[in-house]
Amino acid sequence: MTVGSPAVVIGILLSTVIVAAWLIWVERRMIGIWQDRLGPNRVGPLGLGQVVADMVKIFFKEDWIPPFADKPVFVIAPAIVMVTMLLGFVVVPFAPGVGVIDFNFGLLYFFALSSLAVYSQVLAGYASNNKYSLLGSLRAAAQSISYEVFMGLAAMGVVMLAGSFNLREIVEAQKDGWYVLPQFAGFLAFLVAAVAECHRAPFDLPEAEQEITGGFHTEYSGMKFGMFFVGEYLGITLNSAILVTLFFGGWLGPAFLPPLAWFILKTLVFILFFILLRAALARPRYDQFMSFGWKVMLPLTLANIVVTGAVGLSVP
Amino acid sequence: MISQLRTLWIVLKHTFSRADTVQYPEQRPKLYPRYRGRIVLTRDPDGEERCVACNLCAAVCPVDCIALQKTEDVDGRWYPEFFRINFSRCILCGLCEEACPTYAIQLTPDFELCEYDRRNLVYEKEHLLIQGTGKYPGYSFYRVAGKAIAGKDKGQAENEAPPIDVHSLLP
Amino acid sequence: MPDKIVGNDFGPPKAGPKDGLQGGSPHKIVGNGFGPPKAGLHIEIDGKSHPVKAGENLLQAILSLGLDLPYFCWHPAMGSVGACRQCGVIQFKDANDAQGRVVMACMTPVAEGMRISLQGPDAKAFRAGILELLMTNHPHDCPVCEEGGECHLQDMTVMTGHTVRQYRGLKRTHRNQDLGPFINHEMNRCIACYRCVRYYQDYCGGDDLQVFASHNHVYFGRQEDGVLENEFSGNLVEVCPTGVFTDKTFSRHYSRKWDLQTAPSVCVHCGIGCNTSPGERYGSLRRIVNRYHGEINGYFLCDRGRFGYGFVNGPARLYQARSAETGPLDVSTAENRLRAMLEDAKGIVGIGSPRASLEANFALRERVGAERFHAGIGDAEHGCLRTLLDLVRNLPLHLVSLREAERADAVLILGEDPTQTAPRLALALRQAVRNRALAIADELGIPHWQDAAVREAAQAEKSPLFIASPAPTRLDDIAARTCRASPRTIARLGFAVAHGICPEAPAVMGLTPEHEALAAEIAQALTSAERPLIVAGTGCLSEDVLRAVGQIAAALAAARPGRATAVHFAVPECNSLGLALMDAQSLAHAAHTIESGEADTLLILENDLYRRADRTTVDALLTRARQVIVIDHTLHATAERAHLVLPAASFAETEGTLVSSEGRAQRFFAAMQPAGDSRDGWRWLGPWPCLDDLTRALADSLPVFQQITACAPGAAFRIAGQKIPRQPHRYSGRTAMLADIRIHEPKQPEDTDSALAFSMEGAANDHPPALNPFVWAPGWNSNQAVGKFQDEAGGHLSGGDPGIRLIGDGAGTGLPWSVPPETEASIADALRLVPLHHIFGSDETSMHSSAVAERAPHPYVALNPEDAARLGLAEGEEVELAPDVWLPVKCLPGLAAGIAGVPAGLPDLPVPVTAWQSWKPNKPGDETS
């Protein structure tokens with residue numbers, strides 16, 4: 001197995017999409033469990049067929065475009081989020097020899113794609129020609145700008161410690177200890193930013209159903225809505241994977257399990273954590289959310305960089 | 001912040017608690033007589049229709065799914081000429097039962113109201129009317145109302161004095 | 001002849017659009033008394049100072065301010081008697097008094113600086129206590145009571161907060177009576193407020209509704225079962241604060257008030273133009289209730305107007321077009337057939353109708369051309385209306401509204417029985433004779449609202465009312481003098497009165513001494529009166545009588561320079577005056593045009609010609625015409641002979657403008673969608689996209705109608721962008737009423753012709769009065785909610801009473817004196833026929849209501865008993881009125897000698913008395929003349 005071999009690439013592509021789709025079931029089951037319900041359990045064993053049923057339904061649904069929408073933009077928007085999220089997996093170091101590309105600026109590439117994804121929401125909201133959609137897309141744009149700032153800064157501590165933007169090198173650099181310990185503040189900031197980047201509860205303000213009906217995807221249905229939906233789960237998976245890579249030593253782990261298993265296990269924990277957040281926490285008000293980003297998290301990450309830098313310079 | 005973490009912890013602990021879900025239809029839930037399901041029209045203890053077509057159920061219905069028309073029989077009883085409930089609109093809120101001054105309209109524990117054709121959810125009086133008194137045996141509106149009907153003349157209802165002799169000026 | 005007229009007796013001359021609304025302009029509500037402060041006083045209510053009008057009682061003042069205070073026995077039209085004790089408030093002695101005492105607001109005059117409390121705990125407890133007492137015997141009936149949901153007693157019970165009955169004793173009960181086809185009786189519900197008898201006896205002059213027994217046994221009813229005779233008995237339904245008297249016709253197809261779809265409408269059963277509110281449910285018209293109009297009907301309607309709605313869904317209603325050859329037609333076939341017939345026509349004669357709107361008549365006029373447009377009324381009536389208009393246009397006449405008529409202090413009725421031809425006017429005249437009583441009260445310092453005291457002070461004193469008519473009238477009981485004579489003699493009497501008022505007017509030669517004396521007495525009464533009023537009309541079809549009225553009016557104006565004379569002309573149908581203003585040709589002209597072959601097609605709009613001329617004439621006309629097209633809502637004899645009948649919408653299903661006998665143009669609106677295939681009369685006749693366009697075209701082409709577009713706001717009118725809903729906000733059954741037909745709920749029908757919507761959604765308040773479909777205010781579910789829509793209790797509607805007066809503002813400059821007619825030559829053994837009108841019977845449409853038909857007389861020929869004896873005719877004997885029309889003789893004491901009265905307009909009487917004919921009675925066996 002080598003990085004970039006066609007079999008590996010196709011394997012990663014298929015498994016990420018399938019995992020993302022299956023996350024729909026995982027999320028519904030987990031929230032069910034945490035809320036003392038059962039969740040979907042009728043279609044197939046344990047309700048695993050639910051996703052298939054959902055997909056069949058969503059594929060056969062009328063592909064409807066509102067007459068007042070900006071048609072080409074309306075069609076392109078959901079594709080953007082799918083594509084950027086899938087491209088994000090290119091740099092993820094699943095295990096030694098498992099990955100699509102080994103890229104020196106892997107981390108920067110991840111940030112770039114993560115920023116691009118917001119175009120999807122902005123364009124979707126704009127093209128829908130609906131006041132709720134526009135509000136949602138405005139929120140998405142403001143949220144991405146605000147939270148990406150310290151997302152990048154939060155990861156800079158790791159880069160300073162590892163001395164590289166290459167994600168594989170960052171993983172290798174954690175042989176002696178995961179960066180979650182020296183970079184705990186950075187980890188917290190990155191975690192919060194990752195939730196916000198994925199528009200996940202409690203930071204799902206761009207699509208807050210109770211306030212703006214569905215935000216940027218109000219007018220979407222059928223497979224176009226499905227792409228937003230799967231895009232969101234791809235985002236969760238990608239962000240979980242990057243969290244694991246940056247702070248929890250990627251594939252590193254005791255030898256009784258293969259490295260890939262460790263990576264998947266750790267990622268799964270974070271995915272479950274994302275779901276737990278949604279099951280447990282309430283959505284903040286928009287102004288609280290923005291001031292939390294700018295007034296708490298940004299200073300925290302800046303302080304983290306200063307401290308990391310100072311420690312790095314004083315302890316050679 | 002602490003409370004948020006506490007919330008997360010409490011929710012996480014529910015991983016190990018039992019689900020409350022009842023696996024309908026394999027398991028049948030226990031439904032009590034006051035459960036709000038399919039609506040019926042009942043009869044008074046004499047076997048006459050209790051509904052007097054007062055229209056209060058229709059007025060209180062938040063989805064306006066009840067329509068009826070008053071008519072009157074030779075005895076002076078009011079009753080509905082037609083009484084229609086569109087169950088495809090009904091939200092089983094029970095306000096009609098609360099509004100009913102004669103205990104005619106009652107909700108029953110039958111909630112299995114599924115049809116392949118929506119038209120079958122439009123119930124007319126013949127579908128709604130049952131033979132019994134439902135949850136309130138013994139009550140008959142006309143026994144307390146002042147209106148005279150066949151078999152109950154003026155002054156024969158509960159707490160009524162005999163009709164006044166208008167030719168008398170005696171106290 | 002008088003100089004320039006500067007005013008009339010009832011205030012400054014009215015400028016047309018002043019009391020109407022400009023279409024489309026934002027509507028301004030003056031408020032419930034919060035508008036311009038009234039001249040007068042300030043009183044302090046619960047610590048707040050309020051302006052009130054001097055001379056009012058506290059209850060009036062409080063309600064005029066828009067505050068809520070429960071009451072039962074008080075009625076704005078009937079004053080106070082202090083019977084029910086419900087309106088208790090606390091009155092404080094002075095600024096330092098904290099205790100106060102409970103007084104009855106309705107019996108307490110307002111005074112400057114008065115301090116009262118409505119919300120004080122004692123006042124509230126007092127009112128709740130009184131209500132509880134009133135309710136002790138009230139049965140547990142609301143679900144089976146027709147009043148439920150619009151019951152003043154329910155409203156007041158909620159308002160006082162009495163929620164739990166503590167009384168556990170026996171309730172007194174009463175047996176009910178059968179009060180005829182109009183009114184249900186349920187005496188158990190009575191709270192003994194005495195409103196019914198005060199209304200029935202004191203206000204309407206009825207004597208067959210009485211109070212029996214004593215203390216809490218009092219019984220309001222007739223001496224024995226039987227029809228309530230008064231023509232205004234229907235108002236008991238609204239006067240009674242609870243469900244003792246309810247509408248029997250409504251009960252047969254009952255719906256709660258909140259389920260009725262209503263629209264502002266105008267009564268179509270006589271020329272007065274009372275405002276009504278017809279209510280629809282499940283596609284049929286369910287009832288008519290009064291819609292308050294400060295200048296016309298006020299709080300009351302007549303029974304013909306209230307119960308005559310049955311024709312809208314009656315058995316004779318036309319729902320489908322039909323052709324004489326092929327029977328029923330669908331709409332598109334009917335349209336094609338109509339088009340083909342009109343294209344094929346060699347000339348079309350259009351016959352309009354006095355019971356169709358101005359717009360429908362105008363659409364016909366546009367279709368056939370002005371010179372081919374005919375009025376469709378009898379030639380005698382046509383002549384009368386022309387004379388009438390001539391007088392109104394050229395003499396200083398002021399056509400009075402009913403409110404003004406109520407203020408007249410001397411009234412002369414010439415040749416008319418207003419109770420039968422313009423019923424609501426008769427009720428107003430009954431109030432007018434009370435002006436003497438009010439004057440006496442003024443002298444004694446008794447306020448007018450002190451009803452019992454005013455009546456006690458005045459005893460039987462009445463303002464003078466003189467009636468000269470061929471037959472006894474229903475107002476004879478309040479008349480100072482009555483005179484029974486033939487129409488010609490009545491006219492001569494009128495001319496003599498004119499001569500008595502103004503010696504310049506030519507004298508009448510050869511009057512009998514009694515008539516001379518009577519004329520002098522009437523002249524004296526009219527001259528000395530402050531606000532004299534003359535009432536006449538087309539009732540006896542005599543142009544002489546109308547000319548006599550003109551003569552008197554001119555004489556009065558000459559005797560009282562600068563003041564127009566108050567007159568009211570009763571006209572037979574709802575748009576008689578409007579049609580007359582259109583200057584249509586006569587029916588004889590139509591017959592001539594067809595006869596001469598200039599035209600071969602008759603296009604008849606909402607008219608039964610057999611009611612307009614005698615059978616042979618109409619038969620000839622219809623036979624001669626090659627094509628006869630009838631557009632009407634009811635199947636009648638003319639429609640049965642038509643080649644094509646097109647179903648028209650009735651008044652409850654269409655919009656339009658009617659001109660009342662006051663000269664007031666009023667808009668009425670559809671309460672429901674046209675039944676079956678029927679559509680607005682004007683929609684069959686032309687390419688008019690909506691009513692506003694048609695009204696505008698009419699206003700532009702006939703100058704007299706210039707202002708009618710301002711009768712009511714147009715279809716583009718919106719309140720905050722919304723239309724006005726026809727349905728109350730608690731309209732029920734929307735998702736179930738049609739579910740048996742189609743499970744998919746239909747879209748609400750759109751209304752392009754008005755600013756009203758067939759919906760429960762829309763602007764909830766601030767409706768302009770002309771567009772207010774029904775009255776409702778929070779806490780006021782009965783029709784008494786109207787207090788919230790008036791500028792003061794019993795006053796005008798906030799925002800102005802609807803309608804625009806088109807004529808009769810006293811602007812005429814004068815006509816030369818008319819020459820009095822000579823006495824008619826007597827014909828040996830012959831009698832002159834005069835039409836005798838009946839409130840139930842003479843109107844075409846109301847006779848399709850079974851309840852009204854039940855009250856109508858059977859056809860008869862009325863003779864003075866002496867004439868009958870002279871001719872050897874006995875009561876009940878059959879005589880031949882016209883070839884093969886045999887009617888029983890009815891001896892009518894009081895009928896003028898030498899005349900024979902024939903009921904006008906009865907449906908089974910095929911001979912309309914169209915002119916002042918002479919008639920020799922034939923008995924069976926006589927040779928037919």
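Residues numbered from 1 in each chain as written. Chains lettered and ligands numbered in written order. Predicted model: local features only at pLDDT ≥ 70, side-chain atom pairs only at ≥ 80, totals over all residues. Heavy atoms only, no water.

- Named according to UniProt, chain B is NADH-quinone oxidoreductase subunit I originating from Methylococcus capsulatus.
- Under the heading Catalytic activity, UniProt records this for chain B: "a quinone + NADH + 5 H(+)(in) = a quinol + NAD(+) + 4 H(+)(out)". (UniProt positions renumbered as here; feature names shortened; annotations may be inferred.)

- An unreviewed UniProt entry lists chain A under the name NADH-quinone oxidoreductase subunit H, with Methylococcus capsulatus as the source organism.
- Comment text from UniProt for chain A, heading Subunit (unreviewed entry), reads "NDH-1 is composed of 14 different subunits. Subunits NuoA, H, J, K, L, M, N constitute the membrane sector of the complex."
- Its UniProt record gives chain A a comment under Sequence similarities (unreviewed entry), which states: "Belongs to the complex I subunit 1 family."

**Considering the UniProt feature "binding site: [4Fe-4S] cluster 2" in chain B**
All names here are of chain B.
And then number 1: Listed under "binding site: [4Fe-4S] cluster 2" in the UniProt record, and renumbered for this structure, are Cys61, Cys90, Cys93 and Cys96. In three dimensions, the annotated residues from a span of 36 residues occupy one location, with a maximal C-alpha spread of 10.6 Å.
And then number 2: Structurally, Cys61 is set in the loop between helix H2 (56-60) and strand S2 (66-72).
And then number 3: Mapped onto the elements of the fold, Cys93 is located in the loop between strand S3 (78-86) and helix H3 (95-99). (Helix = DSSP H or I, 4+ residues; strand = E, 2+ residues; numbered from the N terminus.)

**Quick notes on the packing of helix H3 (residues 71-88) of chain A against helix H4 (residues 106-128) of chain A**
Residues and elements named next belong to chain A.
And then number 1: At a closest axis distance of 8 Å, the pairing of H3 and H4 adopts a crossing angle of 165°. One way to sum up the angle between H3 and H4 is to call them roughly antiparallel. Viewed along their axes, H3 and H4 form a crossing whose handedness is left-handed. Contacts from Val73, Phe74, Ala77, Pro78, Ile80, Val81, Thr84, Met85, Leu87 and Gly88 in H3 reach Tyr109, Leu113, Leu116, Ala117, Ser120, Gln121, Leu123, Ala124, Ala127 and Ser128 in H4.
And then number 2: Tallied by class, residues from the contact of H3 with H4 come to 15 nonpolar, five polar and no charged. (Axes fitted to C-alpha atoms, helices over the stretch in contact; angles between N-to-C directions. Parallel < 35°, antiparallel > 145°, perpendicular 65-115°, else oblique. Left-handed = near helix turned anticlockwise from the far one by under 90°. Contact = heavy atoms within 4.5 Å. Nonpolar A, V, L, I, M, F, W, Y, C, P; charged D, E, K, R; others polar.)

**Here's the deal with the pattern of salt bridges**
And then number 1: Per the stated rule, a full pass over the model turns up 67 salt bridges over all chains.
And then number 2: Between Arg436 of chain C and Glu461 of chain C there is a salt bridge whose closest N-O contact spans 3.6 Å. In this pair, Arg436 of chain C sits in helix H14 (residues 435-444) while Glu461 of chain C sits in the loop between helix H15 (451-458) and strand S21 (465-469), placing the two residues 25 residues apart along the sequence.
And then number 3: Here the residues in one salt-bridge network are Glu27, Arg200, Glu232 and Arg278 of chain A, joined through shared partners. (Salt bridge = Lys/Arg side-chain N within 4 Å of Asp/Glu carboxyl O.)

**Some details on the UniProt feature "binding site: [4Fe-4S] cluster 1" in chain B**
And then number 1: Residues annotated by UniProt as "binding site: [4Fe-4S] cluster 1" correspond here to Cys51, Cys54, Cys57 and Cys100 of chain B. Taken together, the annotated residues stretch across 50 residues yet fold into one region, lying no more than 10.3 Å apart by C-alpha.
And then number 2: Beyond its immediate sequence surroundings of up to four residues, Cys54 of chain B is in contact with Pro101 of chain B together with Pro143, Arg256 and Trp258 of chain C.
And then number 3: Tracing the backbone shows Cys57 of chain B in helix H2.
And then number 4: Its relative accessible area of 8% is what places Cys57 of chain B among the buried residues.
And then number 5: Sequence-distant contacts of Cys57 of chain B, that is, excluding residues within four places in its chain, are made with Ile66, Leu68, Phe83, Cys96 and Ile105 of chain B. (Buried < 20%, exposed > 50% of the residue type's maximum accessible area, 1.4 Å probe, protein only.)

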